[in-house]
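Now for the letters of each chain:
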Amino acid sequence: MRKIVINGKNFIKKNKRGTQRYTCEIIKSLDKYVKNIDIELVVPNVTCELPNFKNIKIVKYGGEITLKGWQYTSFQWYCLKNNGIAVSLSADGAPIIKPGIVAIHDIRYAREKKEKKSLKAKIKNRYNLLINLLIIKNANKIITVSDFSRKEIINYYNYNRDIEIIYNGWEHLKNIKINEDNILKKYKNIVKKDFFFALGGMEKNKNLKWIIKVAKRYPEKLFLLAGPPIDKTNVIDENITVENISNIIHLGYISDEEIGYFMKNCKAFIFPSLYEGFGIPPLEALYFGAKVICSNSTCLPEIYKDCVIYINPYDYEINLDKLINTKVEDSKCLFEIYSWENSAKSLLKLIYNLSNKDM
């Protein structure tokens, strides 16, 4: 049985979004089930806080000078010299030569290739397309996070092999302890159940424009946004601006505890995204008991079924009061389907199958 070498670059990142969360939580769960298999988590040799695993060995290797391209240099070389099977739970962290098992969460970069962009953005986009084409071509197994993304990969790349769907999960939320007294002291002017809440980056697909336009139509209602600060250096969609909109408060980056508090105490959590591979924030909001207003685009109806309130993400002329009173199904069924434990077991099955083959 060959050595399994997991790309652990995402473990050194402090603020974990999307693919970073996916990598870290699945590997944490995987550690509980690994038996009789040589498996290592390889991370860049930098100062960082790492988990205490019982069964997975952590190896620090390379990365002392620069982290850029670590997966194509240090991690790549480590896998080759140890004859290991690489496991990368995000495509941007996968080596090109013998990438092994690779998770591709979505192919938004391919969808956006025809849009008007700066020269720098176009070069970056073409680079991503080339790298991902090589990884998909050379990988032993492709993982993705929804049937929507599976079909996208098959159709765009004319891919004729099986793709494994391994979902996101929610159990990390159980570790969040909310101290309401401290949060109420910090946000004195925000009243429980008197605001709408949204969480996300400035990327165009996140469609913050929907929230901004709806907020303008309802000046008496309060909207809270959490995520990267909005300024000229990070705004991808030129239509995103909250300046002079008195009923929008941009909170910037906030803690997991604060996110949990706002999800738990909002009128509704808003997720108007135009494109997602899975879209984990609505699952987190449902865990905290929030009503969720969610786009009906791409994978989202597949993932959230009848448990959220759907909107057309291009329609801003909605009746918000009527909308939030829409009846939905109990979300309990979702937490049984989407679980880091289930995902770890699915990954382990793949690892056992491939490690016993002559690759």
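Think of each chain on its own: its residues are numbered from 1, step by step along the sequence as written. With pLDDT at 70 or above as the cut-off, local features in this predicted model cover only qualifying residues; side-chain atom pairs require 80 or more to be listed or tallied, and sums for whole chains, interfaces and linings still use all residues. Where side-chain values are given, they derive from all heavy atoms of the structure, hydrogens and water being excluded.

Draft legend 1. The pattern of salt bridges, seen in detail. Whenever a carboxyl oxygen of Asp or Glu lies within 4 Å of a side-chain nitrogen of Lys or Arg, that contact is scored as a salt bridge. The full count for this structure, using the stated rule, is 14 salt bridges. As a salt-bridge pair, Glu25 and Lys28 come within 3.8 Å of each other at their nearest N and O atoms. With Glu25 and Lys28 both in helix 1 (residues 18-30) and three residues apart, this pair spans about one turn of that helix. Residue burial is assigned from relative accessible area. The probe radius is 1.4 Å, only protein chains are included, and a residue is buried under 20% of its type maximum, exposed over 50%, and partly exposed in between. When its relative accessible area of 37% is taken as the criterion, Lys28 is described as partly exposed. Under the scheme used here, helices are H or I runs from DSSP no shorter than 4 residues and strands are E runs no shorter than 2 residues, and both carry numbers assigned from the N terminus.

Draft legend 2. Molecular detail of the sheet that holds strand 12 (residues 292-295). Should DSSP find at least two bridges between two strands, the strands are taken to pair. In space, the six strands of this open sheet follow the order 10-9-8-11-12-13, with parallel pairing throughout. One side of each edge strand has no neighbouring strand; the edge strands of this open sheet are strand 10 (248-252) and strand 13 (309-311). The average undirected angle you get between the axes of adjacent strands in this sheet is 25°. Pairing geometry for strand 8 (residues 195-199) and strand 11 (residues 268-271), over three bridges, is parallel. Within the sheet, the bridge partner assigned to Phe197 lies in strand 11 and is Phe269. Here the axes come from fitting lines to C-alpha atoms, over the contacting stretch only for helices, and the angles between their N-to-C directions go from 0 to 180 degrees.

Draft legend 3. Here's a closer look at the nonpolar core. Within the largest apolar cluster, 88 residues are counted, with the highest numbers of intra-cluster contacts made by Ile27, Leu30, Phe197, Phe262 and Leu347. Per-element tally for this core: the top contributor is helix 13 (residues 340-355), with seven residues. Discounting chain neighbours no more than four positions away, the residues touching Ile27 are Ile6, Phe11, Leu41, Phe53, Ile56, Leu89 and Leu347. Among buried residues, those of type Ala, Val, Leu, Ile, Met, Phe, Trp, Tyr and Cys that are joined through side-chain atoms within 4.5 Å constitute a nonpolar core. In this structure, Ala198, Leu225, Ile248 and Ile293 belong to the second largest nonpolar core, which totals 24 residues. Should any heavy atoms of two residues lie within 4.5 Å, those residues are counted as being in contact.

Draft legend 4. Molecular detail of the packing of aromatic side chains. Geometry of aromatic contacts follows a simple scheme: Phe, Tyr and Trp rings, the Trp one being its six-membered ring, pair when their centres are within 6.5 Å, and the pair is stacked under 30 degrees between planes, edge-to-face over 60, tilted otherwise. In this structure the tally under the stated criterion is 21 aromatic pairs. With centroids separated by 6.4 Å and ring planes inclined at 20°, the aromatic side chains of Phe269 and Phe271 adopt a geometry described as stacked. In terms of burial, Phe269 and Phe271 fall into one category: buried. Every member of this aromatic cluster is reached through a ring pair, and the members are Tyr187, Phe195, Phe197, Tyr261, Phe262, Phe269 and Phe271. To sit over a ring, a charge needs its Lys NZ or Arg CZ within 6 Å of the ring centre and within 35 degrees of the ring normal. Sitting over the ring of Tyr316, Lys213 keeps its end group 5.4 Å from the ring centre.

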